[in-house]
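Reading the structure
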Amino acid sequence: MTDLSRYPHLATIETPADLRKISDEELPAVADELRQFLIESVASSGGHFGAGLGVVELTVALHHVFDTPVDRLVWDVGHQCYPHKILTGRRDRITTIKKKDGLAPFPRREESEYDTFGVGHSSTSISAALGMAIAAQRKGDHRKVVAVIGDGAMTAGMAFEALNHGGDAEPDMLVVFNDNGMSISENVGALTKMAARAMSSRRLNALRERAKKAIPRQSFFGRFFKRWEEHAKGMIVPSTLFEELGFHYTGPIDGHNIPQLLAALRTVKNLPGPQLLHVITTKGKGYAPAEQAQIEYHAVGPFDPQAGLVKKSGPSKPTYTDIFSDWLCDMAAADERLLGITPAMREGSGLVRFSREYPQRYFDVAIAEQHAVTLAAGMACEGAKPVVAIYSTFLQRAYDQAIHDVSIQNLDVTFAIDRAGVVGPDGATHSGSFDLTYLRCLPNMVVMAPADENECRMMLTTGFEHPGPAAIRYPRGTGLGVPLQRELETLPIGKAELRRRGHGLALLSFGAMLAPATEIAAEMDATLVNMRFVKPLDEGDDPRTGAHPRRVRDAGRQRRGRRCGQWRGRMPGGARHRQADPAPGPAGRVPRTRQPRGSAHHGRARPAEHPSCDPCAVPACGDAESGYGLSFQRLLAQQKRRALRGVFVGVEPVRDPIQPPFPSPSLSPHRHSGAGRNPVAAVCGFREATQEHRRLSRPLNVFATGFRPAPE
């Protein structure tokens, strides 16, 4: 634990209420202690670093001027929230960030009342603050609402959508525009260039303030000066843009000068309507190495503050991001149609080398995931072959574009999806937990999950050569260290790989789960299949019996189709029909019509007053044609008798409302036991899972934490 005796001011601050008791003159000393405490804490445990150092003075000033948590303070993204957490009662736990049962690396509503809105993705703060301000006004509350957003997050369209609405709604709110020229990497785009001109406008702002005092605002000269001011600022600072959107612009001011910050915040606090305060800060302020290497010090592991970050010596296994980076440059050399696109994640997605070797074919679109995907679609329309390098969690923001602009039109766009699956310390906002589900249901989309580095390289080539949309999802971190083939080879689409032939149990592995599945398969003498393709799923022969699933499925239809259609009131082909009286079956039998479970007539013939309906038929997951027609009650009975036939291994459940979720109907652990489309995926504890399956008497879904009963 940090020795607080070296931080006398900080030691007295448990909540912002304590901070507000400190005089203005002492606040610079508080800021200095807070910065040193932050350096010491993050150096010992790791975490986001540079962004927090850049907003120390701003954080102190905001909590000193505004009555938090009554006044709402909304941080954008949350990289810069560490000083905020230290001042709001979490000082002694700050070293637990990114650790089990520790603090979240971003603001989280469940963690503190001072975290008014949970974040992790960018450009949400203005929308959230606007919603809070409108709701407060409707209730008659006079609390203040403040959004803090960086110039990197301001490049996203969502921020301007909120500004556009806020200027029209005219709520009492403040947007603090934290301008440091950086997001994770350097900011790009025309807006960034415009904001950069504000650095040279301080003389103009000093002249403006003197003129305000000398000339009455409502006089002829005051109104004339106001119009002249707008035109003059438009040539130098970005104020006109915000003024035209309906926000009163103040600034720019030095974001590291506490007296200036206090004066500006107290002024805009009492002004009605939407306000925007432009502050100029430096990412990594107060720690020289972080100021000079802002990208490297954005997020760090534990390090020695005296020595700074030291690169590890010796060879190390390449990460999946490194594999993608090398493949992209190799493929660009082989095919000049390749274009690389990233939404402000050059370093994280592995495009640094590509941006240097092929600058004319590299496109950083800033934090604009929606634009990135549709930009790629437009390029594909003209014969280019774009590769969109994006985190799984950020692709969620462009889901409509992936559907509407790429998949439906069957355009040749390759998605290189990094950080797929669990990402560990970054928390729920950055986990790639949903891409399997939301990509599998897209038309024309091919989805692949590599089991190792070489397979990742081959799948990237396969997706690039495929004349349609393709997604290759790979996890964070290093792989198994397998040798790489330098040739750009492809894989047959939709074909799995049999890794081991065993007896009884079949393990079907998707992606990086193959390594632990290999050990389990050897221990249990189970068949192991590396599925490779999440979509399309391989419907080849059963690796245990060699039987083709279509023959098994057709035989199942012959055995069950008549029974399912007859007993569930279906016509041939699966269509429902009504009948006044039970009709004899093909063998001359009159099927017994069952009643709702728990009713007086359950298990007996239908009473005469209900001749035209069959309320007792329990819906099954399918119809007679697909062979999924067994009732739920019969399924329960069968599951009590039958052991698990196969287990799917992956990262999360695979669901598809259009296609069956199993790679092979004959391999389905429930296909012949009547469970229909109940998916099984992503099991970790195989031995415990099989025992749980035998114990429970209802359908099961399998998740990354093991088995759990499906909701009835």
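These remarks concern the structure in this document.

Moving on, we come to the overall build of the protein chain. When its secondary structure is counted, the protein chain shows 26 helices and 20 strands. Split into buried and exposed, the 712 residues of the protein chain put 54% on the buried side. When contacts within the protein chain are restricted to residue pairs at least 6 apart in sequence, those whose partners lie at least 24 apart make up 71%. Accessible surface computed for the protein chain: about 31300 Å², of which carbon and sulfur atoms make up 53%.

Below, the discussion takes up the pairing of strand S6 (residues 274-280). Buried residues dominate S6, accounting for seven of its seven residues. By the bridge criterion, seven bridges tie strand S4 (residues 173-179) to S6 in an arrangement that is parallel. Bridging from a neighbouring strand, Asp179 pairs with Ile280 of S6. Sheet analysis places strand S5 (residues 248-254) next to S6, joined by five bridges and oriented parallel. From the neighbouring strand, His248 faces S6, where its bridge partner is Gln275. What joins S5 to S6 is helix H13 (residues 258-269), and the crossover it makes is right-handed.

This part is about helix H3 (residues 27-45). Here H3 contains 19 residues, and its C-alpha end-to-end distance of 27 Å stays within 8% of the 27 Å for a straight helix at 1.5 Å per residue. Trailing H3 by a residue or two, Gly46 shows a phi angle of about 85°, which is positive.

On to the packing of helix H15 (residues 320-334) against helix H22 (residues 453-465). Two numbers describe how H15 lies on H22: the axes approach to 10 Å, and their chain directions differ by 40°. Between H15 and H22, the angle falls in the class oblique. The two elements H15 and H22 meet at a crossing, and its hand is right-handed. Taken together, the residues of H22 that come into contact with H15 (itself represented by Tyr320, Ile323, Phe324, Asp326, Trp327, Asp330 and Met331) are Glu453, Cys456, Arg457, Leu460, Thr461, Phe464 and Glu465. Looking at the contact of H15 with H22 residue by residue, the class counts come to eight nonpolar, one polar and five charged.

Of note, Glu497 is situated in strand S14 (residues 497-500). Exposure remark for Glu497: the relative accessible area of 23% places this residue in the partly exposed category. In this structure, the C-alpha to C-alpha distance between Glu497 and Val529, residues 32 residues apart in sequence, is 5.7 Å. Sequence-distant contacts of Glu497, defined by excluding residues within four places in its chain, comprise Glu455, Leu528, Val529, Asn530 and Arg532. At a separation of 2.7 Å, a polar atom in the side chain of Glu497 contacts the side chain of Arg499.

Okay, the sheet that holds strand S17 (residues 533-535) next. One open sheet accounts for seven strands, arranged S9-S8-S10-S11-S13-S12-S17; its pairing is mixed. Bordering the open sheet on either side are strand S9 (362-364) and S17, each of which pairs with just one other strand. If you compare each strand with its neighbour and ignore which way they point, the axes differ by 20° on average. The pairing of strand S12 (residues 446-448) with strand S13 (residues 470-473) spans three bridges and is parallel. Bridge pairing in S13 links Val447 to Ala471. Lying over the sheet, helix H18 (residues 369-381) contacts strand S8 (338-342), S9, strand S10 (385-391) and strand S11 (414-418), oriented at roughly 165° with respect to S10.

A separate point is empty space enclosed by the protein. Throughout the structure, instances matching the rule amount to four cavities of 30 Å³ or more. Looking at the largest cavity, its volume works out to about 90 Å³. Phe66, Lys144, Val145, Val146, Asp172, Met173, Leu174, Val268, Lys269, Leu271, Gly273 and Gln275 are the residues that line the largest cavity. Listing elements by their share of the lining of the largest cavity, those giving two or more residues are strand S3 (145-150), S4 and H13. When its residues are assigned to classes, the lining of the largest cavity shows seven nonpolar, two polar and three charged.

Summarising burial for S3: six of the six residues are buried, a large majority. As judged from the five bridges shared by S3 and S4, these two strands associate in the parallel manner. Across the sheet, residue Gly150 finds its bridge partner in S4, namely Asn178.

If you walk across this open sheet you meet the five strands as S2-S3-S4-S6-S5, and the pairing is parallel. Unpaired on one side and paired on the other, strand S2 (72-75) and S5 mark the two borders of the sheet. Along the sheet, successive strands turn relative to each other by an average axial angle of 20°, direction set aside. Contacts from helix H5 (residues 56-65) reach S2, S3, S4 and S6, with the element oriented near 160° to S2.

Throughout the structure, instances matching the rule amount to 29 salt bridges. With a closest N to O distance of 2.4 Å, Lys385 and Asp412 form a salt bridge. Of this pair, Lys385 sits in strand S10 while Asp412 sits in the loop between helix H20 (399-407) and S11, placing them 27 residues apart in sequence. As far as the burial class goes, Lys385 and Asp412 line up, both buried. Between Glu497 and Arg532 there is a salt bridge; the shortest N-O distance is 3.4 Å. You can see Glu497 sitting in strand S14 and its partner Arg532 sitting in the loop between strand S16 (527-530) and S17, a full 35 residues away along the chain. Residue class for Arg532 comes out buried when judged on its relative accessible area of 14%. One salt-bridge network, in which partners are shared between bridges, spans Lys85, Arg90, Glu111 and Asp115.

Summed over the entire model, instances satisfying the criterion amount to 16 aromatic pairs. Both rings, one in Phe49 and one in Tyr287, keep their centres 5.6 Å apart while their planes meet at 80°; by these two values the pair is edge-to-face. Of this pair, Phe49 sits in the loop between strand S1 (47-48) and helix H4 (50-54) while Tyr287 sits in the loop between S6 and helix H14 (288-292); the two residues are 238 residues apart in sequence, bridging distant segments of the chain. Tyr287 carries the same exposure label as Phe49, and that label is buried.

This part is about helix H6 (residues 82-90). Among the nine residues that make up H6, eight are buried, leaving the element largely enclosed by the rest of the structure. If you check which residues of H6 are buried, you get Tyr82, Pro83, His84, Lys85, Ile86, Leu87, Thr88 and Arg90.

Our next topic: the nonpolar core. Phe49 and Leu62 are the most contacted members of the largest nonpolar core, which has 51 residues in total. Elements that contribute at least two residues to this core include exactly H3, H5, S2, H6, S3, S4, H13 and S6. If one sorts the elements of this core by residue count, H3 sits on top with nine residues. Among the nonpolar cores identified, the runner-up in size contains 38 residues, and Ala368, Ala380, Met445 and Val529 belong to it.

With that settled, consider unusual backbone geometry. For the bond from Gly251 to Pro252, the omega torsion is 0°, close enough to zero to count as cis. Along the polypeptide, Pro252 turns up in strand S5. Phi at Asp101 is positive, roughly 60°, even though this residue is not glycine. Unusually for a residue other than glycine, Asn444 sits at a positive phi of about 70°. In this structure, Asn444 sits in the loop between helix H21 (435-440) and S12.

Conventions and cut-offs
- Residues numbered from 1 in each chain as written.
- Predicted model: local features only at pLDDT ≥ 70, side-chain atom pairs only at ≥ 80, totals over all residues.
- Heavy atoms only, no water.
- Helix = DSSP H or I, 4+ residues; strand = E, 2+ residues; numbered from the N terminus.
- Buried < 20%, exposed > 50% of the residue type's maximum accessible area, 1.4 Å probe, protein only.
- Contact = heavy atoms within 4.5 Å.
- Areas by Shrake-Rupley, 256 points an atom, 1.4 Å probe, with all protein chains shown as cover.
- Pairing = 2+ DSSP bridges.
- Right-handed = clockwise from strand over helix to strand, strands pointing away.
- Expected span 1.5 Å × (residues − 1).
- Axes fitted to C-alpha atoms, helices over the stretch in contact; angles between N-to-C directions.
- Parallel < 35°, antiparallel > 145°, perpendicular 65-115°, else oblique.
- Left-handed = near helix turned anticlockwise from the far one by under 90°.
- Nonpolar A, V, L, I, M, F, W, Y, C, P; charged D, E, K, R; others polar.
- Polar contact = N/O pair within 3.5 Å; in protein donor to acceptor, adjacent residues only side chain to side chain.
- 1 Å grid on protein atoms, 1.4 Å probe; cavity = no way out; pocket = protein on both sides within 12 Å on 5 of 7 lines; lining within 4 Å.
- Points joined across faces, edges and corners; volume = space filled by probe spheres on them.
- Salt bridge = Lys/Arg side-chain N within 4 Å of Asp/Glu carboxyl O.
- Phe/Tyr/Trp six-rings, centres within 6.5 Å; stacked < 30°, edge-to-face > 60°.
- Core = buried A, V, L, I, M, F, W, Y, C linked by side-chain atoms within 4.5 Å.

Any link to function would need more than the numbers given here.
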